[in-house]
Amino acid sequence: DRRWDPSLVDGFATGQGERNVSKRSSYQCWIEPGETDIVRRVEERLASFAGLPVAQLEKLALVRYTPGQFFNVHHDGPDRPKTIFVYLNDLPEGDAGETCFPAL
């Protein structure tokens, strides 16, 4: 699909990401706010879960990992006080695929 782009890394929170496959090798797709009825319903549920109005949500980002792809240490800055992950698949016990936030 043409909407999938290589995931970028913005190590200094500048808003200017760069491709760095030694840190992150996945692909991602940004979803426009309210793009479809399903997206609107997902946004409403996420906003409710986070205790925020829908208007304060960032665009939804879908991230795709194929076997061997990764995102090393993950950081969310002060401009992102809450992060919600929804995993759309499950992996066999013992397989990699976890997300780690070492500062929590």
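Residues numbered from 1 in each chain as written. Predicted model: local features only at pLDDT ≥ 70, side-chain atom pairs only at ≥ 80, totals over all residues. Heavy atoms only, no water.

Asks: I would appreciate a short explanation of the sheet that holds strand S3 (residues 60-64) in the present structure.
Replies: Two strands in a sheet stick together by hydrogen bonds in their backbones, pointing the same way (parallel) or opposite ways (antiparallel). In spatial order, the strands read S1-S2-S3; together these three strands make up an open sheet with antiparallel pairing. This sheet does not close on itself; its edge strands, each paired only once, are strand S1 (5-6) and S3. Inspection of the sheet shows S1 paired to strand S2 (residues 27-31) by two bridges, in the antiparallel sense. Looking at S2, one finds that Pro6 is bridged to Tyr27. (Pairing = 2+ DSSP bridges. Helix = DSSP H or I, 4+ residues; strand = E, 2+ residues; numbered from the N terminus.)

Asks: Sorry, what's going on with the pattern of salt bridges here?
Replies: It is possible for side chains bearing opposite charge to pair when their charged atoms get close. Under the defined criterion, the tally for this structure stands at three salt bridges. Its salt-bridge partner being Lys59, residue Glu32 comes within 2.9 Å of it at the nearest N-O pair. One end of the pair, Glu32, is in the loop between S2 and helix H1 (37-50); the other, Lys59, is in the loop between H1 and S3, with 27 residues separating them in the sequence. Judged by its relative accessible area of 40%, Glu32 falls in the partly exposed class. We classify Lys59 as partly exposed; its relative accessible area is 38%. Between Arg40 and Asp37 there is a salt bridge, with the nearest N and O atoms lying 2.1 Å from each other. In this pair, Arg40 and Asp37 are both assigned in helix H1, three residues apart and thus about one turn of the helix distant. We classify Arg40 as partly exposed; its relative accessible area is 36%. (Salt bridge = Lys/Arg side-chain N within 4 Å of Asp/Glu carboxyl O. Buried < 20%, exposed > 50% of the residue type's maximum accessible area, 1.4 Å probe, protein only.)

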